[in-house]
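Single-letter residue listing:
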Amino acid sequence: MKTGGKLIVDALEANGVDRMYCVPGESYLAVLDALHDSRIRSIVCRQEGGAAMMADCHGRLTGRPGICFVTRGPGATNASAGVHIAMQDSIPMILFIGQVASHAKEREAFQEVDYRRFFGDIAKWVVEIDDAARIPELVTRAFAVAMSGRPGPVIVSLPEDMLTSVVEAPAALPATPVETRPGEEELSKLEALLNSAKNPFVILGGTRWNAEAVERIKKISEAWALPVGVSFRRQMLFDHLHENYAGDIGIGVNPKLAKAVKEADLVLLVGGRFGEMPSSDYTLIKSPYPDQTLVHVHADTSELGRVYRPTLAINASPAAFVEAFAKRKPAAKPVWAEATKALHAAYLEWSTPPLTGPGAVQMGPIMNWLEKVLPEDAILTNGAGNYATWVHRFHRFRRFATQGAPTSGSMGYGTPAAVAAKGLFPDREVIAFAGDGCFMMNGQEFATAVQYGLPIIVIVVNNGIYGTIRMHQEREYPGRVEATDLKNPDFAALARAYGGHGETVRETDEFAPAFERARSSGKPTIIEIKLDPEAITPTRTLSDIRDKR
Ligand SMILES: Cc1ncc(C[n+]2csc(CCOP(=O)(O)OP(=O)(O)O)c2C)c(N)n1
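Residues numbered from 1 in each chain as written. Predicted model: local features only at pLDDT ≥ 70, side-chain atom pairs only at ≥ 80, totals over all residues. Heavy atoms only, no water.

A.B. asks: How would you summarise the overall build of the protein chain if you had to cite specific residues and measurements?
C.D. replies: Secondary structure summary: the protein chain contains 21 helices and 20 strands in total. Relative to the globule expectation of 24 Å for 549 residues, the C-alpha radius of gyration of the protein chain, 24 Å, shows essentially globular dimensions. Based on the C-alpha atoms only, the size of the protein chain along its principal axes is roughly 70 × 60 × 45 Å. Among the 549 residues that make up the protein chain, the fraction classed as buried is 60%. Of all intrachain contacts in the protein chain linking residues separated by at least 6 positions in sequence, the fraction that spans at least 24 positions is 76%. For the protein chain, the accessible area works out to roughly 21700 Å², and carbon and sulfur atoms hold 51% of it. Each charge sign in the protein chain was given a centre, from 59 positive and 64 negative side chains, and these centres are 4 Å apart. (Helix = DSSP H or I, 4+ residues; strand = E, 2+ residues; numbered from the N terminus. Rg over C-alpha atoms; globule rule 2.2 N^0.38 Å. Buried < 20%, exposed > 50% of the residue type's maximum accessible area, 1.4 Å probe, protein only. Contact = heavy atoms within 4.5 Å. Areas by Shrake-Rupley, 256 points an atom, 1.4 Å probe, with all protein chains shown as cover. Lys, Arg positive; Asp, Glu negative; His and termini not counted. Charge placed at Lys NZ, Arg CZ, Asp CG, Glu CD.)

Pasting the structure below:
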């Protein structure tokens, strides 16, 4: 006989969980009590949005569901920011919510929310467990749903009286992973299409990749001399210094790369959905009928034909697909080999930062310096804002599990994501990039880094504005600035107030020593870079945009 709380913790342990991210609530005290005697580590956060983003980054870097616990009502609604990210990004995650007791349900009791309706459009599955005896079944199913097909967030609602009830229940068994493999027939069709193509192009995206799969797609690209691009914020899927790497197809795509995708006769899309952002509003590949011959590989049948009608649909996870296709070799030396090299040269040129720009701090040389000193396995995280361009365009990602960036374009992600990443990989360097606006959305999780002794480095690129929106505002409504100016705290002092290390960079040359001091401090650090708001993009100033120069 066990309590519901104990059964939850047992089911988590059976599924290999070693940590969970939470903000406590009186609604799930029975789970916290059971955790007290378990091997699972609870990482207590400062706001549920941050906790859910940590769980998302956990899922992103490990492929296993990140686990998050929050309380009902306000806890759940705060956490929804992270749930939406996991949904759009196809990340496995499970959010457990303490729910009101059964006798109070349907009366709009204190903090009562109907989670099936609230999360209806932003979660993969929502379940409320009314009978504690069914916890082993339903929690294990939550793992299976979160990880299978197109991964995503699952919500498990836990009525308070269910958690304290004492029942007899079967022992939980771990979820059995489902692999989706391509058939030989599809592989032969793809082989034939590639053998008759003139200028094919490969796009990698989505999730259900791993380090081995990333190595395999590299070998495939070498065997076939294929140019490879990555979808928006999926840069960790291909070594940027490999001679077949063509660049990232995201916001502000390299025009030469966009042209290559548009003019390709065959596009092999592995894993991603190639949504609105990477497709430049469905112009690089037209929806629903592409100009190119499209081969779409996806682990979920419902994604095949949803946005684009493919010539050939292959229902397989990226990892299973590359394993199977690695055995196929070209019939003759590919005619496009030289074009592939030219695309990489274009990428190298595109990813070389400008050395000058307005103001006393130049981001170009700072990025160049970071490229020299950051190890290949460093993990970089960010949220949303124009500052992210510096990371996406100029950081050359080399390996799998080195990126934490939401394709949903959510601000506030970088700091909590870095906390989760550093906890998972304490021996690796973890750098969060944030704008001043972005940092202030979940900057309180810096306290979590301090509490757990996780020496992340947060680089706050402070231009005193919600820069992206100011840029759009100046372009669409020149000179009519409204609601985009920010008065910020002293970020270095804020870091010190939290118990971390703080640095302020007012000139370019101050960055390198500040970064080295951050490294040797052994503490979580904020490095504030005071960036001139005119430096709104690597190549254009705010005034240029306003004056349409
Ligand atoms: C949660 C959330 N709220 C609002 C937005 C809209 N938005 C996109 S970028 C941006 C401004 C980002 O400002 P900052 O972090 O200071 O970076 P900057 O653009 O100035 O480099 C805003 C408000 C968003 N993407 N996500």
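More follows now that the structure is in view.
A.B. asks: Give a detailed account of the domain arrangement of the protein chain, specifying residues and quantitative values.
C.D. replies: Splitting the protein chain by domain gives domain 1 (2-165), domain 2 (184-349) and domain 3 (352-547). At the junction of the two partners, domain 1 supplies 24 residues and domain 3 supplies 29 residues. Taken together, the connections running from domain 1 to domain 3 amount to zero salt bridges. For the pair domain 1 and domain 3, the interface holds twelve residue pairs in polar contact (both at pLDDT 80 or more). With eleven residues, the top contributor of residues to the side of domain 1 that touches domain 3 is helix α3 (residues 48-62). When the residues that make up the side of domain 1 that touches domain 3 are grouped by side-chain class, the tally is ten nonpolar, eight polar and six charged. (Domains from an automatic or database assignment. Salt bridge = Lys/Arg side-chain N within 4 Å of Asp/Glu carboxyl O. Polar contact = N/O pair within 3.5 Å; in protein donor to acceptor, adjacent residues only side chain to side chain. Nonpolar A, V, L, I, M, F, W, Y, C, P; charged D, E, K, R; others polar.)

A.B. asks: Tell me about the environment of Q235, and please be specific about residues and values.
C.D. replies: Within the secondary structure layout, Q235 lies in the loop between β10 (228-231) and β11 (245-249). It is 28 Å that separates the C-alpha atoms of Q235 and K523, two residues lying 288 residues apart in sequence. If we skip the residues at most four places from it in the chain, Q235 touches V230, H240, Y245, D248, H392, F397 and Q403.

A.B. asks: Report on helix α15 (residues 414-424), specifying residues and quantitative values.
C.D. replies: Counting buried residues in α15 gives ten out of eleven residues, a clear majority hidden from the surface. Regarding α15, the residues found buried are G414, T415, P416, A417, A418, V419, A420, A421, K422 and L424.

A.B. asks: Describe the packing of helix α10 (residues 255-263) against helix α12 (residues 337-350), naming the residues involved and giving the relevant values.
C.D. replies: Relative to each other, α10 and α12 sit at 150°, their axes nearing to 9 Å. When the axis of α10 is compared with that of α12, the two are roughly antiparallel. Mapping the contact onto sequence places P255, K256 and A260 in α10 and L343, A346, E349 and W350 in α12. Taken together, the residues of the contact of α10 with α12 break down into five nonpolar, no polar and two charged. (Axes fitted to C-alpha atoms, helices over the stretch in contact; angles between N-to-C directions. Parallel < 35°, antiparallel > 145°, perpendicular 65-115°, else oblique.)

A.B. asks: I'd like to hear about the environment of H36, residue by residue, with values.
C.D. replies: Structurally, H36 is set in helix α2 (residues 29-36). By relative accessible area, H36 is classed as exposed at 68%. When the C-alpha atoms of H36 and V9 are compared, they prove to be 9.9 Å apart, with 27 residues separating the residues in sequence.

A.B. asks: Tell me what's going on with the sheet that holds strand β12 (residues 266-270), and back it up with residues and numbers.
C.D. replies: Strands in a sheet are paired, the pairing made by backbone hydrogen bonds, and the direction either parallel or antiparallel. Spatially, the six strands line up as an open sheet ordered β11-β10-β9-β12-β13-β14, and their pairing is parallel. The sheet is open, and its two borders are formed by β11 and β14 (312-315), each paired with just one other strand. Neighbour-to-neighbour, the strand axes of this sheet turn through a mean angle of 20°, independent of strand direction. Packed on one face of the sheet, helix α8 (residues 184-195) meets β9 (200-204), β12, β13 (293-298) and β14 and runs near 140° to β14. (Pairing = 2+ DSSP bridges.)

A.B. asks: Account for helix α11 (residues 318-325), naming residues and giving values.
C.D. replies: A large share of α11 lies buried, amounting to seven of its eight residues. Along α11, the positions that sit buried rather than exposed are P318, A319, A320, F321, V322, A324 and F325. Next to the buried residues of α11 lie α8, α9 (211-224), β12, β13 and β14.

A.B. asks: Now, about the side chain of T508: what can you tell me, with residues and values included?
C.D. replies: Mapped onto the elements, T508 comes out in the loop between β19 (501-505) and α20 (511-521). Note on T508: relative accessible area 18%, which makes it buried. Ignoring any residue separated from it by four or fewer positions in sequence, one finds T508 in contact with A360, V361, Q362, P365 and I366.

A.B. asks: Give me the site of the ligand: which residues, what numbers.
C.D. replies: Lining the immediate environment of the ligand, one finds 17 residues, of which N386, G409, D436, C438 and G467 sit closest. At 2.8 Å, a backbone N or O of C438 approaches an oxygen atom of the ligand. Take N463: an N or O atom from its side chain is 3.0 Å from an oxygen atom of the ligand. Listed by contribution, the elements that provide at least two residues to the shell around the ligand are α16 (436-442) and α18 (467-476). At four residues, α16 tops the list of elements feeding residues into the shell around the ligand. Its residues assigned to classes, the shell around the ligand comprises eight nonpolar, eight polar and one charged. (Near = heavy atom within 4 Å.)

A.B. asks: Quick one: what's the story with unusual backbone geometry, residue by residue and with numbers?
C.D. replies: When glycine is set aside, most residues are seen to have a negative phi, and most peptide bonds are trans. The linkage connecting S287 with the following residue, P288, adopts the cis geometry, with an omega of 5°. Inspection of the secondary structure assignment puts P288 in the loop between β12 and β13. The backbone of R208 sits at a positive phi, close to 65°, despite the residue not being glycine. The exposure class of R208 is buried, given its relative accessible area of 18%. Phi at A401 takes a positive value of approximately 60°, unusual for a residue other than glycine. Looking at the secondary structure, you find A401 in the loop between α14 (388-394) and β16 (403-404).

A.B. asks: I'd love a proper account of the nonpolar core, names of residues and values included.
C.D. replies: Core analysis: the largest hydrophobic core is formed by 118 residues, its most contacted members being F119 and F321. Of the residues forming this core, the biggest block, seven residues, is contributed by α3. When residues no more than four places from it in sequence are discounted, the contact partners of F321 are P182, L187, L190, L268, V270, V297, I314 and A316. If you look at the next biggest cluster of nonpolar residues, it comprises 38 residues, including L12, I40, V127 and V145. (Core = buried A, V, L, I, M, F, W, Y, C linked by side-chain atoms within 4.5 Å.)

A.B. asks: With reference to specific residues and values, describe a nonpolar patch on the surface.
C.D. replies: A surface patch of nonpolar side chains, about 270 Å² in accessible area, is lined by M441, Y466 and I469. Taking relative accessible area as the criterion, I469 reaches 49% and is therefore assigned partly exposed. (Patch = residues over 30% accessible without salt bridge, like charges linked within 9 Å, V, L, I, M, F, W, Y side chains within 5 Å.)

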